[in-house]
Amino acid sequence: MQQDPCLLQKCPIVSRALVVAVDDKKHFDGKCAKAYIVLKKGIDAEDAMPILKKYGHSAISDYMRPEEYVFVDRLPTTKNGKLDYFTE
């Protein structure tokens, strides 16, 4: 069975999401999750934060739950419309 690449993608206010591991010395393994979120139209970032945190606590395991949420207008994509993980 294939696992979803990003569980946040299933949140009703999220249009697109990408979660990456970033360096964080506070965590036991030196990394933590950081989420880049494109919200659906009409959703304000300030209103979205409590919804995302509640969704994260109910749907995502502790070790996978993002420590930080960054709201962006769009995520980089390839010519095929898939997320481009190699764009800086």
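Further up the page is the structure itself.
What counts as what
- Residues numbered from 1 in each chain as written.
- Predicted model: local features only at pLDDT ≥ 70, side-chain atom pairs only at ≥ 80, totals over all residues.
- Heavy atoms only, no water.
- Helix = DSSP H or I, 4+ residues; strand = E, 2+ residues; numbered from the N terminus.
- Buried < 20%, exposed > 50% of the residue type's maximum accessible area, 1.4 Å probe, protein only.
- Contact = heavy atoms within 4.5 Å.
- Expected span 1.5 Å × (residues − 1).
- Arc of directions from axis to C-beta.
- Polar contact = N/O pair within 3.5 Å; in protein donor to acceptor, adjacent residues only side chain to side chain.
- Lys, Arg positive; Asp, Glu negative; His and termini not counted.
- Salt bridge = Lys/Arg side-chain N within 4 Å of Asp/Glu carboxyl O.

> Which parts of the structure should I look at to understand the environment of Cys 32?
The residue Cys 32 is located in strand E2 (residues 31-39) in this model. The class for Cys 32 is buried, based on a relative accessible area of 12%. Linking Cys 32 and Ala 59, residues 27 residues apart in sequence, is a C-alpha distance of 17 Å. Other than its neighbours up to four places away in sequence, Cys 32 contacts Val 20, Ala 21, Val 22, Asp 24, His 27 and Glu 67.

> Would you mind going over helix H1 (residues 45-59) with me for this structure?
One turn of the α-helix equals 3.6 residues, which is why residues spaced by three or four share an orientation. Over its 15 residues, H1 runs 20 Å from end to end, which matches the ideal 21 Å to within 8%, given 1.5 Å per residue. Along H1, the residues that are buried comprise Ala 48, Leu 52, Tyr 55 and Gly 56. Buried residues in H1, looked at end-on, bunch into an arc of 100 degrees, giving them a common side. With respect to the buried face of H1, the exposed residues turned more than 90 degrees away are Glu 46, Pro 50, Lys 54, His 57 and Ser 58. Those residues of H1 that are buried are in contact with strand E1 (14-23), E2 and strand E3 (68-71). Its side-chain oxygen at 3.2 Å from the backbone nitrogen of Glu 46, Asp 44 defines the N-terminal cap of H1.

> Help me understand the side chain of Asp 24, please; the structure alone is not making it clear to me.
Relative to the helices and strands, Asp 24 is located in the loop between E1 and E2. In this structure Asp 24 is buried but unpaired, with Lys 26 as the nearest side chain of opposite charge at 4.4 Å. Looking at Asp 24, its side chain comes within polar contact range of the main-chain nitrogen of Lys 26, at 3.0 Å. Ignoring anything within four residues of it in the chain, the contact list for Asp 24 reads Gly 30, Lys 31 and Cys 32.

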